[in-house]
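Understanding the architecture of this molecule
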There are 2 protein chains.
Amino acid sequence: MKVVKVGLLGLGTVGGGTVNVLTKNSQHIARRSGCLIKVISASARDLSRKRICATDGIQLTDRPEDIIKDPEIQIIVELMGGEEPAKSLILEALSLGKHVVTANKALIANHGNELFEAASKNKVTLAYEAAIAGGIPIVKAMREGLSANSIDWLAGIINGTGNYILTEMSDKGSVFDDVLKEAQALGYAEADPEYDVEGIDAAHKLCILASLAFGMPLNFKRVYTEGISKITPLDVTYAEELGYRIKHLGVAKKTSQGVEMRVHPTLIPEKRLIANVDGVMNAVVVKGNAVGPTLYYGAGAGAEATASAVIADIVDICRQPDLSSGTAVPALGFSPDALEELPILSIEEVETAFYLRLSVEDKPGVMAAITKILADNGISIEAVQQKEPEQHGANAQVILLTDQVIEKSLITALAEIESLDSIIEPAVRIRVESLE
Amino acid sequence: MKVVKVGLLGLGTVGGGTVNVLTKNSQHIARRSGCLIKVISASARDLSRKRICATDGIQLTDRPEDIIKDPEIQIIVELMGGEEPAKSLILEALSLGKHVVTANKALIANHGNELFEAASKNKVTLAYEAAIAGGIPIVKAMREGLSANSIDWLAGIINGTGNYILTEMSDKGSVFDDVLKEAQALGYAEADPEYDVEGIDAAHKLCILASLAFGMPLNFKRVYTEGISKITPLDVTYAEELGYRIKHLGVAKKTSQGVEMRVHPTLIPEKRLIANVDGVMNAVVVKGNAVGPTLYYGAGAGAEATASAVIADIVDICRQPDLSSGTAVPALGFSPDALEELPILSIEEVETAFYLRLSVEDKPGVMAAITKILADNGISIEAVQQKEPEQHGANAQVILLTDQVIEKSLITALAEIESLDSIIEPAVRIRVESLE
């Protein structure tokens, strides 16, 4: 049986998981790939650290550049994360004619265009299934499974930490800060949670998904990003009363105006399957113009779930009859010369529906004043509720669901509303997506 | 740009949909595949029939064998359905070195072993993504996306007609026969509904999924199949009271005893995502030993949704640098010489939990007698409810949820229970799957 030699950069959670899965499923993977996949060397920053995997038969080093240069190694698996030295190491591996598999979403989102070009020039594969939604084969679905479709839009729960926090807030009525602390204690959230809860991690993934969907170069800087740290139990409850759940969604959409790329808290009708994706799980809905809506669900993180995607990429490479050339599928699912720069809309140009919550003085005429301003700005109201104050003299809450509106118009209207004397606090606004 | 010439056998719903999607998305598909895919000829039984697609530029014939023999044609797309002449035509196309794409689940389930061998011998591709779950790229997910995993089990809603009927029964409390008539009027069910509601269609698909999961030759005759025509609104209601929904599931599972392949009505906890897949939609849950549970959801039928899968297969073939050889992935995702015959369990050997409903005389001691017989047969009870008769003298209903039990033992116990004087009718029994 053909032996394929792999070098691993990074031996942390995903690296260790990859070694473990390759070991426990070795026979099975050989039956599928027709190859014996052997990790012959691995690098780690601190060689003395305890590993989650056995490392017998693997040469360990703290010099990843030695692995890149090893002429025996045909596939480099980069799981160190971060932009440098990962980027330089990958570029060198590609230039030496090695295939590269990575789980590094920040790297692909920020430097994918350059890296894919280098892979293409060297006729090797740069694969990155594990960079998005962990073990869910979403890159493969979009690049291959849905290749007949023009993609209208996609929407994903693509950060498990954020989804865990929102699920707990919904299930237990807890406040954000408390759930975050619990999540940190459980290991679901990092000590510095910004990357997850402010949506940066999701934005990296969304940027890649948008390019896969619409055939355009990666453009991470144009993703609008809004976190979940300001979501309150009050809004979770009111949303549910209206038949919605709040999820931290990455949305990419192609309209006649241009492409939308945005990550933000979103009200989704509770009837949608994705509204019921809870805890640390991930899911992506992709709407093709032939297939209609499809959904892909699974673990978005974790050692072995992510390893599942890493190894699937390795198997794809191994299955090629000639390992000296790349796989048949272009990196973003479109021939490189068929990628098109598309206009990307700023968030002010985006049209969505909105959930609005206004803290108002409990006195006559307030509702009339609010609704008049909305009407004057051409904004239709789908639903409205006034929640009376719990004690006399406290604020009432006005909850509104608007129809589709260009964000710019809503901002104008809200500025007028907030200037009313009877409005106590800045409005809370959360975008609403019907996902139909 | 490279031109790939396609011949279409069958120009009905899926054939027409394929032409329509290739036309409306031609530019998009060319950007993805690097090829111009042209349907140059198509066959239909009745050439005078009205088509759902334009046929300009397509040579029409009622002689499919002429298409097979056309040396210009590189890919044959078989969408006529049925076993013959589809099988002979495909075998001839393969022997002439043509790639074949089919949506024909009955053919693959019954003759796939022979057909795949012929494709392999001729070094061409026989692709069948459209045969299972319409537009959902489930074959690709299992063959490639999850290749790192040993699959523990899979469970799917893989017949839209059946799921539509069960959803309507649940939503409206209707009886099976009435919903079936409505479904027929709406075009969701055939005039002869047996194929769908008795589970034969689902069994074809399940058989293929099981081989993809476990790397074994197709063995359609060993799939246990039970339809949904005996499900009553009463059982739908009682199941929901217990926190379950009834779905027509195809289940394939690998245990230390052997492989289970079975299609039957199933209680699923309402919290599971797949329990909330409603109407004509399909979904498959696949549990891998590395990735954990994953789910794939979408339209399981329809002209353009199925065409989406057909064209994805064509694009896979077109993307190969050399169209004279097949794609890199083996037909069942395992190297042909690595397929293994595995022991397949009969339904009596299968272990599941059960929902039982017993119509009993409303008198003291009945419950004690029932539970004693279950205990004597080693069957534990998870939950029990007695529903008092609505009028005096009528039957009471005893609802039981058992723990896991070998079906043989349950049958023995039920025979004893049914021989009790106080049991009025044969027991209703529906299998329960926790899908964890």
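Residues numbered from 1 in each chain as written. Chains lettered and ligands numbered in written order. Predicted model: local features only at pLDDT ≥ 70, side-chain atom pairs only at ≥ 80, totals over all residues.

Thoughts on the overall build of chain A
Per the secondary structure count, chain A includes 14 helices and 17 strands. For chain A, whose C-alpha radius of gyration is 24 Å, the value lies close to the compact-globule estimate of 22 Å for 436 residues. If one aligns the C-alpha atoms of chain A with their principal axes, the spans along those axes are about 80 × 45 × 35 Å. Residue burial in chain A is summarised as follows: out of 436 residues, 55% are buried. (Helix = DSSP H or I, 4+ residues; strand = E, 2+ residues; numbered from the N terminus. Rg over C-alpha atoms; globule rule 2.2 N^0.38 Å. Buried ≥ 20, exposed ≤ 12 C-beta atoms within 10 Å, placed from the backbone.)

A word on the environment of Lys2 of chain B
Residue and element names in this part refer to chain B. Looking at where Lys2 falls in the secondary structure, it is placed in strand E1 (residues 2-9). The spacing of Lys2 and Thr232 is 230 residues in sequence and 57 Å in space, taken between C-alpha atoms. Discounting residues that sit within four places of it in the chain, Lys2 has contacts with Gly34 and Cys35. (Contact = placed C-beta atoms within 7 Å.)

Structural notes on the interface of chain A and chain B
Taken together, the 53 residues of chain A in the interface contact 52 residues of chain B. When contributions to the side of chain A that touches chain B are tallied by element, the ones reaching two or more residues are helix H2 (26-33), helix H6 (138-145), strand E12 (292-299) and helix H12 (303-319) of chain A. Tallied by class, the residues present in the side of chain A that touches chain B amount to 26 nonpolar, 20 polar and 7 charged. Where E12 of chain A lies against strand E12 (residues 292-299) of chain B, 3 bridges are found, and the strand directions are antiparallel. Considered in E12 of chain B, the bridge of Tyr296 of chain A is made with Tyr296 of chain B. (Nonpolar A, V, L, I, M, F, W, Y, C, P; charged D, E, K, R; others polar. Pairing = 2+ DSSP bridges.)

Structural notes on the environment of Tyr296 of chain A
Residue and element names in this part refer to chain A. Note on placement: Tyr296 falls in strand E12. Among the residues examined, Tyr296 registers 28 C-beta atoms within 10 Å and is labelled buried. Considered as a pair, Tyr296 and Glu340 are 44 residues apart in the sequence and their alpha carbons are 26 Å apart.

Focus: the pairing of strand E4 (residues 75-78) of chain A
Residues and elements named next belong to chain A. Burial along E4 is two-sided: the face carrying Ile75 and Val77 and the face carrying Ile76 and Glu78 are both buried. Sheet topology places strand E1 (residues 2-9) next to E4; 4 bridges connect them, and they run parallel. By the bridge assignment for E4, Gly7 is matched with Ile76. When E4 meets strand E5 (residues 99-102), the two strands line up parallel, connected through 4 bridges. The residue of E5 that forms the bridge with Val77 is Val101. Taken together, E4, helix H4 (residues 86-95) and E5 constitute a β-α-β crossover, and its handedness is right-handed. (Right-handed = clockwise from strand over helix to strand, strands pointing away.)

Considerations on the domain arrangement of chain A
Note on interface size: it is often stated as the accessible area lost on association of the parts. Residue and element names in this part refer to chain A. Each domain of chain A was delimited in the assignment, giving domain 1 (2-135 + 303-338), domain 2 (141-299) and domain 3 (351-432). When each unit is reduced to the centre of its C-alpha atoms, the spacing between domain 2 and domain 3 is 25 Å. The interface of domain 2 with domain 3 comprises 9 residues on the first partner and 9 residues on the second. Where the side of domain 2 that touches domain 3 is concerned, the elements lending two or more residues are helix H11 (233-241) and strand E10 (259-269). At 4 residues, E10 tops the list of elements feeding residues into the side of domain 2 that touches domain 3. Residues of the side of domain 2 that touches domain 3, tallied by class, amount to 6 nonpolar, 2 polar and 1 charged. (Domains from an automatic or database assignment.)

Let's talk about the nonpolar core
Leu206 and Ile274 of chain A together with Leu206 and Ile274 of chain B are the most contacted members of the largest nonpolar core, which totals 310 residues. Leaving out residues up to four positions away in the same chain, Ile274 of chain B has contacts with Ala155, Ile157, Ile268, Ala283, Val285, Leu295 and Leu435 of chain B. (Core = buried A, V, L, I, M, F, W, Y, C linked by C-beta atoms within 7 Å.)

Quick word on the sheet that holds strand E2 (residues 35-43) of chain A
Residue and element names in this part refer to chain A. Sheet architecture is open: 6 strands sit in the order E3-E2-E1-E4-E5-E6, paired in parallel fashion. Since the sheet does not close on itself, it has two edges, and those belong to strand E3 (59-61) and strand E6 (126-127), each with one partner. Here helix H1 (residues 13-24) sits on the sheet and contacts E1, E2 and E4; the angle it forms with E2, its principal contact strand, is near 150 degrees. (Axes fitted to C-alpha atoms, helices over the stretch in contact; angles between N-to-C directions.)

As for helix H2 (residues 26-33) of chain B
Residue and element names in this part refer to chain B. Of the residues making up H2, those classed as buried are His28, Ile29, Arg31, Arg32 and Ser33. Against helix H1 (13-24), strand E2 (35-43) and helix H12 (303-319) lie the buried residues of H2. Once H2 finishes, Gly34 follows within two positions and takes phi at roughly 75 degrees, a positive value.

Quick look at the packing of helix H5 (residues 105-121) of chain B against helix H10 (residues 200-214) of chain B
All names here are of chain B. Between H5 and H10, the least distance of the axes is 8 Å, while the angle of their chain directions is 50 degrees. By the angle between their directions, the pair H5 and H10 is classed as oblique. When you trace H5 past H10, the crossing you get is left-handed. Side by side, H5 and H10 meet where Lys105, Ala106, Ile108, Ala109 and Gly112 of the first sit next to His204, Lys205, Cys207 and Ile208 of the second. Class assignment of the residues belonging to the contact of H5 with H10 gives a composition of 5 nonpolar, 2 polar and 2 charged. (Parallel < 35°, antiparallel > 145°, perpendicular 65-115°, else oblique. Left-handed = near helix turned anticlockwise from the far one by under 90°.)

Considerations on the relation of the copies chain A and chain B
Between the two copies of the chain lies a rotation about an axis combined with a shift along it. Relative to chain B, chain A is turned by 180 degrees and slid 0.0 Å along the rotation axis, the superposed coordinates differing by an RMSD of 0.0 Å. Taken together, the rotation and translation describe the operation of a two-fold axis. Across chain A, the rotation axis passes nearest the C-alpha of Tyr296 of chain A, at a separation of 2.5 Å. Taken as a fraction of all interface residues of chain A, those also at the interface in chain B reach 98%, which identifies the copy contact as same-surface. (Least-squares fit on C-alpha atoms with pLDDT ≥ 70 in both.)

Things to note about the confidence of the model for chain A
The share of residues in chain A with pLDDT of 70 or more is 100%, and the mean pLDDT across the chain is 96. Confidence metrics for the complex model read pTM 0.97 and ipTM 0.97. (pLDDT = per-residue confidence, 0-100.)

Structural notes on the sheet that holds strand E6 (residues 126-127) of chain B
All names here are of chain B. If you trace the 6 strands from one edge of the open sheet to the other, you get E3-E2-E1-E4-E5-E6, paired in parallel fashion. The open sheet terminates on both sides in strands that have one partner only, identified here as strand E3 (59-61) and E6. With 2 bridges joining them, strand E5 (residues 99-102) and E6 adopt parallel strand pairing. Across the sheet, the residue bridging to Val101 is Ala127, located in E6.

Side note on unusual backbone geometry
All names here are of chain A. Here the residue pair Glu84 and Pro85 is connected by a cis peptide bond, since its omega of 5 degrees sits within 30 degrees of zero. Position of Pro85 relative to the elements: it lies in the loop between E4 and H4. Here the phi dihedral of Lys123 falls at roughly 55 degrees; this positive angle occurs in a residue that is not glycine. Relative to the assigned elements, Lys123 resides in the loop between helix H5 (105-121) and E6.

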